[in-house]
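# Observations on the model geometry
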Amino acid sequence: MHKIIKFLIKPKLFAVTIMWLMVLVVLGTLAQKDMGLFAAQNKYFSSWIIWFYFLPMPGGRFTLFIISINLCFFFFNKNIWKIKKLGIIILHIGGILLLIGGGLTGMFSSEGNMVIDEGAQSNYVEDYHYMELAVINVTATDFDDYIIFDQPLLKRDKILSHENCNFEIEVVKYFENCLPEKRSSMAGIQYRGMLKNFMLTELKQEKENNLNRPGLIYQINNTGTSLDGIYGIFLGQTVPQTISVNNQNYVITLRRQRIYLPFSIELLDFKKVLYPGTEIAKSYSSEINLLEHGAARRILIQMNEPLRYKGYTFFQSSFIEGPEGETTVLAVVKNYGRLFPYISSIIMCIGLLFHLSLKLPELFKKSKGKIS
Amino acid sequence: MKLCNILLLLIISFSGILLPRDFDHRDIPIHENGRIKPLDTFVRNQLLTIYGKRSIKSKTLQKEISSTELSAIDWFFDIVLNPEEGDKYSVFNIKNPEVVGSLGLHWDPHHLYNSSEVLSGLKNQLDYIVNIQGKPENELTQFDKQILQVYSNVIRYQELSYSLSCLLPMIQIQDNTIAQILSVNPGDKLSYYQLMRKANELSPLMEKLLNKNREEWSESDHELQHIMGVLNEIDQDKFARILKIIPPQIGNQNKAWLSPWELMESRTIGPNQEKLLITLELFLESRIEKNTVKSNAVLAEYEDLLTHPFNGLFNIDNIKLETWTNKANLFYKSISLYLLAFFLLAISWMTKPKLLRRISFFCLLGGLAFHFYGILLRIIIMQRPPVSTLYESIIFVSLIGVICASLLEYNRKDGMGIFMGAIIGGVLHFVGFGYADDGDTLGMLVAVLNSNFWLATHVTTITTGYGTSLFAGLLGHVYLLQIIRNPNNTEYLKKVNANMFGATLFALFFTLFGTILGGIWADQSWGRFWGWDPKENGALLIVMWQIMMLHLRITGMVKPLGFALGMILNNIVVILAWFGVNLLSVGLHSYGFASGIAWNLALFIAFELITGFGTYYWAKSRRESITA
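Parameters and conventions
- Residues numbered from 1 in each chain as written.
- Chains lettered and ligands numbered in written order.
- Predicted model: local features only at pLDDT ≥ 70, side-chain atom pairs only at ≥ 80, totals over all residues.
- Helix = DSSP H or I, 4+ residues; strand = E, 2+ residues; numbered from the N terminus.
- Buried ≥ 20, exposed ≤ 12 C-beta atoms within 10 Å, placed from the backbone.
- Rg over C-alpha atoms; globule rule 2.2 N^0.38 Å.
- Contact = placed C-beta atoms within 7 Å.
- Axes fitted to C-alpha atoms, helices over the stretch in contact; angles between N-to-C directions.
- Parallel < 35°, antiparallel > 145°, perpendicular 65-115°, else oblique.
- Nonpolar A, V, L, I, M, F, W, Y, C, P; charged D, E, K, R; others polar.
- Domains from an automatic or database assignment.
- pLDDT = per-residue confidence, 0-100.
- Core = buried A, V, L, I, M, F, W, Y, C linked by C-beta atoms within 7 Å.
- Expected span 1.5 Å × (residues − 1).
- Pairing = 2+ DSSP bridges.

What follows deals with the overall build of chain B. The secondary structure content of chain B amounts to 24 helices and eight strands. Reported as C-alpha extents along the three principal axes, the dimensions of chain B are approximately 115 × 60 × 55 Å. When the 628 residues of chain B are sorted by exposure, 44% land in the buried category.

Next comes the structure, spelled out in structure tokens:
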């Protein structure tokens with residue numbers, strides 16, 4: 001035990017890990033050019049282990065974890081508890097808080113988009129990256145019954161079933177990016193729905209994740225009718241797949257994973273202001289109504305001025321201009337660690353200033369040495 | 001004594017702001033790229049695009065123009081007043097021999113051609129140009145891009161030279177009857193706009209003319225027809241809309257300004273706009289007459305017209321200040337003083353060390369004063385913090401470097417600070433001039449950057465961090481060189497080492513908080529503190545490198561010699577984070593995507609690696625040979 005502590009306390013460990021972290025940062029930055037930010041981030045920074053071909057190496061998360069532990073053990077060093085080193089101690093406490101905040105954010109924060117047309121409202125956030133397959137029972141007139149299958153389930157040969165759903169879905173193939181194309185020849189008899197006339201062709205994944213159009217080929221089993229067969233679906237499909245089994249009507253769609261909010265947002269007006277006579281944007285803003293329990297609150301969200309409400313933060317992120325009016329895109333973030341950088345930077349600032357004020361006069365003492 | 005000198009220098013350099021100056025033709029405000037700026041800035045940038053420089057050098061001018069240099073504004077008014085004579089200036093700078101050949105031009109050693117030469121050459125290539133205009137940017141060859149550039153320059157030039165033709169007195173009224181109707185004297189010259197204002201008086205005459213047979217036309221009828229012909233001819237210039245100098249009638253920040261020709265077209269000219277146009281007309285007239293008294297009076301009226309009805313649109317004092325800044329060339333003054341400081345210091349190593357070093361230090365401080373004043377003026381003119389573009393970051397980092405060096409010199413008084421300050425100031429100014437030649441260095445900011453609070457905190461802190469880091473790296477160089485010079489002088493070397501360590505702590509303070517503040521800004525604007533964006537990673541690398549070096553040094557794993565090498569290598573990290581990440585062309589910090597800098601970066605890195613490791617091993621062997 002003592003040996004382990006001795007090893008973890010070593011400044012050498014810190015030197016080695018921070019060097020490795022620098023290597024990772026360089027590699028991860030360069031990789032963004034080829035694989036895009038999201039993939040590079042997952043591979044190098046948010047990972048515990050990176051595989052360089054067959055060689056496993058510590059990933060960014062693991063390296064930062066080691067640094068945090070090393071930093072914690074710093075306080076077990078008896079030599080540092082001196083008034084002269086107070087600044088250093090404060091500085092390191094700030095550093096630990098920053099790392100803890102980073103860890104919390106990395107593990108528990110969630111982010112997504114909220115897309116609202118002018119005049120419309122929405123109460124859910126769409127994930128940037130993950131998809132879900134929604135099977136909606138629309139038989140009843142006064143409510144819909146949702147069955148949601150998350151992306152991790154959408155893998156080859158997985159069987160998706162649920163007690164409220166009287167058929168089974170077997171995943172045949174999931175595409176990260178695909179293109180629906182019209183069939184040139186007759187489809188085989190096993191194909192149903194959209195696939196009778198179209199086929200999904202797999203495309204190379206785009207660097208920017210939001211440019212991908214995911215698609216799914218699945219088989220419906222156990223209906224005992226001619227509905228059994230192979231179906232296809234893709235993101236943004238205008239006509240959703242509907243089937244009715246045993247007098248129950250279902251709609252099946254592939255969509256971005258949704259997180260529902262305990263309130264709704266209505267977009268009243270989106271404004272884009274340009275510098276006169278140019279195409280340079282001066283500001284973007286969305287005037288919204290926050291609807292909760294029947295009460296509406298009018299709020300303006302603009303660049304650098306987000307709305308914070310119930311742990312969620314809404315940022316003006318983008319917009320779409322269409323023939324029927326404007327659509328705002330709000331980035332929505334829920335982050336438990338967001339206060340840590342603020343607190344830790346203040347603590348570190350105090351620590352470093354304290355140390356500098358002790359140390360600098362000594363380091364810049366009036367020089368008496370002569371050039372000889 | 002010292003304080004007195006510094007005070008005197010400051011007073012001299014600040015006198016530009018202290019003495020109020022009369023409004024003159026350079027200060028006429030114009031709206032371009034979202035900003036209201038003096039005409040002087042506008043034409044300088046136009047000339048820069050076409051000609052490659054901000055004023056016309058003597059070799060370009062024909063012999064009859066005797067002056068050594070022609071300012072952009074004088075060139076502009078000359079081509080505006082005599083649009084047909086603009087060919088006497090060969091201002092089209094075409095360097096590519098392929099383009100010169102394809103335009104059928106005769107090769108000129110100065111690469112300069114006049115507009116009619118270029119225009120006739122382009123006429124033969126029109127089909128080709130129309131063809132490549134439709135193509136996407138990445139399919140164009142270098143030749144295509146250059147020929148499109150020449151084409152757009154010719155259009156720009158034409159627009160400039162005809163931009164005020166509607167206000168020039170070009171239509172002579174000789175006939176008594178018409179002169180009487182228009183209430184002018186026979187022989188007077190009127191402008192297009194004047195005649196348009198009197199259109200009501202002329203229209204009955206026109207009607208009569210149309211109802212008459214040509215054989216029955218009187219002399220005044222013939223003249224009227226002639227006038228109509230000239231009007232029609234001038235009307236062809238209405239494409240020239242580049243000069244947006246007339247503010248919107250109701251002073252509204254978000255409304256576009258209009259050019260005189262656009263107003264001629266719109267037919268709804270507000271009373272204030274009309275007054276401005278008439279004053280401009282008078283001004284042009286006075287320029288033609290070369291009547292300075294009249295033109296001064298007219299310009300005073302122009303200023304008056306601008307200040308009262310269009311109040312709140314812009315600050316006329318800032319416009320004047322910008323014109324003054326254009327002329328003052330403060331950064332050229334500061335680089336000259338830095339270089340002078342360097343030479344004086346070099347001489348001081350040979351003779352009269354104390355006196356020359358002192359003078360040299362004053363030169364450095366003088367350069368610093370100009371440098372600081374230049375940045376201060378930019379802050380006042382733009383009403384925003386000093387750093388928001390790559391160019392601004394360069395001049396700001398150089399300022400920080402020189403300040404650090406001056407403090408070091410004040411502390412040590414042995415010339416080391418002067419040496420470092422002159423190098424940092426000189427080199428970075430030189431790099432900055434390269435960026436300034438891209439056009440207007442005072443641009444408007446995109447929405448996310450348009451936040452004075454964060455520009456003032458995050459951006460200035462991180463650029464201060466760059467400056468202090470480069471300073472610490474340069475100290476590393478100096479330390480190694482001093483060991484090579486004399487490895488025995490341990491007391492002296494200890495001091496330099498302590499300075500270097502202090503500078504690194506100082507640099508870490510700014511890079512660390514600059515980076516964290518950047519994260520906080522990102523959290524405020526986009527909702528995430530850290531996004532692994534290349535620029536963020538670059539800043540993180542600097543911080544990590546410095547933290548690593550400090551820990552290696554504190555724990556004794558690295559000796560002062562290695563620490564110096566580490567700080568030299570830190571320069572490479574800084575430069576890569578500052579310029580290098582822009583080469584990746586990914587990420588959010590897209591303010592400075594540049595392609596031509598890769599070669600320069602590689603050179604810098606090679607230089608630092610060779611000199612860093614070279615001096616490190618040399619210093620090591622020197623020290624070992626001594627101890628042995």
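Tallying secondary structure elements over chain A gives five helices and 18 strands in all. Scaling as 2.2 N^0.38, a compact globule of 372 residues should have a C-alpha radius of gyration of about 21 Å, whereas chain A reaches 28 Å, well beyond that. Overall size of chain A, expressed as C-alpha extent along the three principal axes, is 95 × 55 × 45 Å. Taking all contacts inside chain A whose residues are at least 6 apart in sequence as the whole, residues at least 24 apart take part in 55%.

Residues and elements named next belong to chain B. At a minimum axis distance of 8 Å, the contact between helix H2 (residues 39–51) and helix H15 (residues 316–328) shows a crossing angle of 40°. For the element pair H2 / H15, the angle class is oblique. Only Glu-322, Thr-323 and Asn-326 of H15 make contact with H2, whose side of the interface consists of Asp-40, Thr-41 and Arg-44. Classifying every residue of the contact of H2 with H15 by side-chain character gives no nonpolar, three polar and three charged.

Attention now moves to the packing of helix H18 (residues 390–412) of chain B against helix H19 (residues 416–436) of chain B. Residues and elements named next belong to chain B. Interaxial distance between H18 and H19 falls to 8 Å at its minimum, and their mutual angle equals 170°. Judged by the angle between their axes, H18 and H19 are roughly antiparallel. For the contact of H18 with H19, the per-class residue count stands at 16 nonpolar, eight polar and two charged.

All names here are of chain B. For chain B, the assigned domains are domain 1 (29–163), domain 2 (171–239 + 248–312), domain 3 (329–444) and domain 4 (450–628). For domain 3 versus domain 4, the distance between C-alpha centres works out to 20 Å. Each partner contributes residues to the interface: domain 3 has 19 residues there, and domain 4 has 17 residues. Contributions of two or more residues to the side of domain 3 that touches domain 4 are made by H18 and H19. Per-element tally for the side of domain 3 that touches domain 4: the top contributor is H18, with nine residues. Considered class by class, the residues forming the side of domain 3 that touches domain 4 number 14 nonpolar, four polar and one charged.

This brings us to the environment of Leu493(B). All names here are of chain B. Structurally, Leu-493 is set in helix H21 (residues 490–525). Residues Leu-493 and Leu-480 lie 13 residues apart in sequence; the distance between their C-alpha atoms is 9.4 Å. The contacts of Leu-493, once residues within four sequence positions are left out, are Gln-482 and Ile-483.

Confidence in the prediction of chain B, expressed as mean pLDDT, is 84, and 90% of residues score 70 or more. Interface predicted TM-score (ipTM) for the complex: 0.81; the corresponding pTM is 0.84.

Mapped onto the elements, Ile597(B) comes out in the loop between helix H23 (560–578) and helix H24 (598–627). On a C-alpha basis, the gap between Ile597(B) and Leu81(B) in space is 41 Å, while along the polypeptide they are 516 residues apart.

Moving on, we get to the nonpolar core. In summary, soluble globular proteins display a tendency toward joint burial of nonpolar side chains. Residue and element names in this part refer to chain B. Within the largest apolar cluster, 123 residues are counted, with the highest numbers of intra-cluster contacts made by Ala-341, Leu-364, Met-420, Phe-471, Leu-475, Met-500 and Ala-564. Here this core takes 15 residues from H21, the largest share from any one element. Leave out the neighbours within four places in its chain, and Ala-341 touches Ser-360, Cys-363, Leu-364, Gly-367, Ile-418 and Ala-422. Listed in part, the 64 residues of the second largest apolar core include Val-43, Phe-92, Ile-147 and Tyr-302.

What follows concerns the interface of chain B and chain A. Tallying the contact residues gives 56 residues for chain B and 54 residues for chain A. Those elements that provide at least two residues to the side of chain B that touches chain A are H18, H21 and helix H22 (534–554) of chain B. Top contributing element to the side of chain B that touches chain A by residue count: H21(B), with 17 residues. Each residue belonging to the side of chain B that touches chain A can be placed in one class, and the counts come to 30 nonpolar, 18 polar and eight charged.

Take H18(B) next. A turn of α-helix holds 3.6 residues, and therefore any two residues three or four places apart point the same way. For H18(B), spanning 23 residues, the distance from its first C-alpha to its last is 33 Å, which sits close to the expected 33 Å at 1.5 Å a residue. Lys413(B), located one to two residues past H18(B), shows a positive phi value of around 55°.

As a further point, take the sheet that holds strand E10 (residues 215–221) of chain A. All names here are of chain A. Taken together, four strands build an open sheet; the order of strands is E6-E7-E10-E11 and the sheet is antiparallel. Strand pairing shows two members of the sheet lacking a second neighbour, strand E6 (159–160) and strand E11 (229–234), which therefore form its edges. The pairing of strand E7 (residues 168–175) with E10 spans seven bridges and is antiparallel. Directly across from Glu-168, in E10, lies its bridge partner Asn-221.

Its 19 residues place the ends of H23(B) 27 Å apart at the C-alpha level, agreeing with the 27 Å of an ideal helix rising 1.5 Å per residue. Burial analysis of H23(B) places 16 of its 19 residues in the buried class, which makes it a mostly covered element.

As judged from the four bridges shared by strand E1 (residues 49–52) of chain A and strand E2 (residues 55–58) of chain A, these two strands associate in the antiparallel manner. Pairing of Phe52(A) across the sheet is with Leu55(A), part of E2(A).

All names here are of chain A. Averaged over all residues, the pLDDT of chain A equals 83, while 98% of them reach at least 70. Averaged pLDDT values for the elements of chain A fall to 74 in helix H1 (residues 2–9) and rise to 89 in helix H3 (residues 60–74). Overall, residues 367–372 carries pLDDT values under 50, and its contacts beyond four positions in sequence, including any with other chains, amount to 13 contacts.

Residue and element names in this part refer to chain A. In terms of strand pairing, strand E3 (residues 110–117) meets strand E18 (residues 325–334) through eight bridges, oriented antiparallel. What sits directly across from Gly-112, in E18, is Val-332. Pairing geometry for E3 and strand E4 (residues 121–137), over two bridges, is antiparallel. The residue of E4 that forms the bridge with Asn-113 is Glu-126. Adjacent in sequence and paired antiparallel, E3 and E4 are bridged by three residues, among which Gly-119 carries a positive phi angle near 90°.

Moving on: unusual backbone geometry. Residue His293(A) is not a glycine yet carries a positive backbone phi of 50°. By secondary structure assignment, the location of His293(A) is in the loop between strand E14 (281–292) and strand E15 (295–302). At Asn329(B), a position not held by glycine, the phi torsion is positive, near 50°. With respect to the helices and strands, the residue Asn329(B) is situated in the loop between H15 and helix H16 (330–348). Judged by local crowding, Asn329(B) falls into the partly exposed class, with 14 C-beta atoms found within 10 Å.

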